[in-house]
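Fold and contact review
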Amino acid sequence: MPFNTENITILAIESSCDETSAAVIKNGKMLTNIVASQLIHEVHGGVVPELASRAHQKDIVRVVSEAFSESGINKAELSAIAFTRGPGLLGSLLVGTSFAKSMALGLNIPLIDVNHMQAHVLAHFIEAPRPKFPFLCQTVSGGHTQIVLVKSALEMEVLGETADDAVGEAFDKAAKMLGLGYPGGPRIDALAAEGNPEAFPFPISEMPDLTFSFSGVKTSLLYFIQKHGEEFVNNNMADICASYQHTLILTLIRKLKKASKLHKINQIAIAGGVAANKGLRKALSEMAEKQRWELFIPEFQYCTDNAGMIAMAAHFMFLEGKFADQKVSPMPRFSI
Ligand code: KG4
Ligand code: ZN
């Protein structure tokens, strides 16, 4: 299909986990980014895949309509429809994929299949300051913990990742053990701000190279809770959260320092839901000053799952003529 790169308007849809989101981008400028978070999972203490796909099905038409009305763009002006192909939950991905395929078919415009992890990295190009290539990006979310070497917008190499849990999972599972509910990251973050990070020592994993591991610290928290009992835990909640969070943050920034030295790159970026963590942002800023890094942290709305980042990635793909055809299907596992 011939395409024109002079006036590019893309509708993007994100539905990989528990956020239904739609964004419109015009010539690389974000016009709107609508996100509907699914609250249904809170009572279950984690994302229930079947409930997530049902909620996407229920919300997607409303979210897309809102994206049209807020951006002032109508269907006839669209150059392409983009969607998250993976990684993510199959049932959730299917909702966004089917919606995008039908719409592209109906409007007879190209379809763009975006990798969610690549999009988290490209969220840095939505607003200034934008990093220059090459740069390193630590992607920290509920499903992933990676250090990515970003050579160009669409050329990325994973230098290291987690051998077990993602750091977001380490936050969420700890919060569940501590009786703080779901999602755990923001709750631990808030409590940690009032506690002493050195009150209780938790072990930092010593994995080789740029590999992360978070299952050991999670297990040590479980033993800590079993040893001290509920009353002690409740009376020392802020200190426990601060100490546990401190251990996770140290693990993240030590590996990032190692990657920066190894690859001689001092443009450092962070992306994904855990990038919203205030303790991590502070520790990174301090490290950046010491190591003379140029640090890039996206605006909060572009850290957690959102279609804005999918739209940004799709804009780069459009420029390179990277389109999908109607046979495309979701990929729950989809490496960068
Ligand atoms: O990127 P994201 O929205 O979804 C995935 O692709 O997984 O990340 C969600 C993760 C959850 O584990 C959540 O607890 C964590 O990001 N998170 C945080 C904070 N806000 C969200 N973790 C620590 N501190 C926060 N403030
Ligand atoms: Zn994500």
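What comes next concerns the included structure. Source: prediction; values computed, not measured. (Residues numbered from 1 in each chain as written. Chains lettered and ligands numbered in written order. Predicted model: local features only at pLDDT ≥ 70, side-chain atom pairs only at ≥ 80, totals over all residues. Heavy atoms only, no water.)

Close to ligand 1 lie 18 residues, the nearest being Gly142, Asp172, Asp189, Gly273 and Asn277. His116 places a polar side-chain atom, nitrogen or oxygen, 3.5 Å from an oxygen atom of ligand 1. At 3.0 Å from an oxygen atom of ligand 1 is found a main-chain nitrogen or oxygen belonging to Asp305. Expressed as a share of its isolated accessible area of 550 Å², the protein-covered part of ligand 1 is 89%. Within the residue set of the shell around ligand 1, elements represented by two or more residues are helix H3 (116–122), helix H4 (167–177) and helix H5 (184–192). Here the residues of the shell around ligand 1 sort into four nonpolar, 11 polar and three charged. (Near = heavy atom within 4 Å. Polar contact = N/O pair within 3.5 Å; in protein donor to acceptor, adjacent residues only side chain to side chain. Areas by Shrake-Rupley, 256 points an atom, 1.4 Å probe, with all protein chains shown as cover. Helix = DSSP H or I, 4+ residues; strand = E, 2+ residues; numbered from the N terminus. Nonpolar A, V, L, I, M, F, W, Y, C, P; charged D, E, K, R; others polar.)

Before going further, it helps to examine the pairing of strand S6 (residues 135–140). Counting buried positions along S6 yields six of six residues, so the element is predominantly enclosed. Both faces of S6 are covered, namely the face carrying Phe135, Cys137 and Thr139 and the face carrying Leu136, Gln138 and Val140. With six bridges joining them, S6 and strand S7 (residues 145–152) adopt antiparallel strand pairing. Across the sheet, Phe135 pairs through a bridge with Val150, a residue of S7. Pairing geometry for S6 and strand S9 (residues 267–271), over four bridges, is parallel. Directly across from Thr139, in S9, lies its bridge partner Ala271. (Buried < 20%, exposed > 50% of the residue type's maximum accessible area, 1.4 Å probe, protein only. Pairing = 2+ DSSP bridges.)

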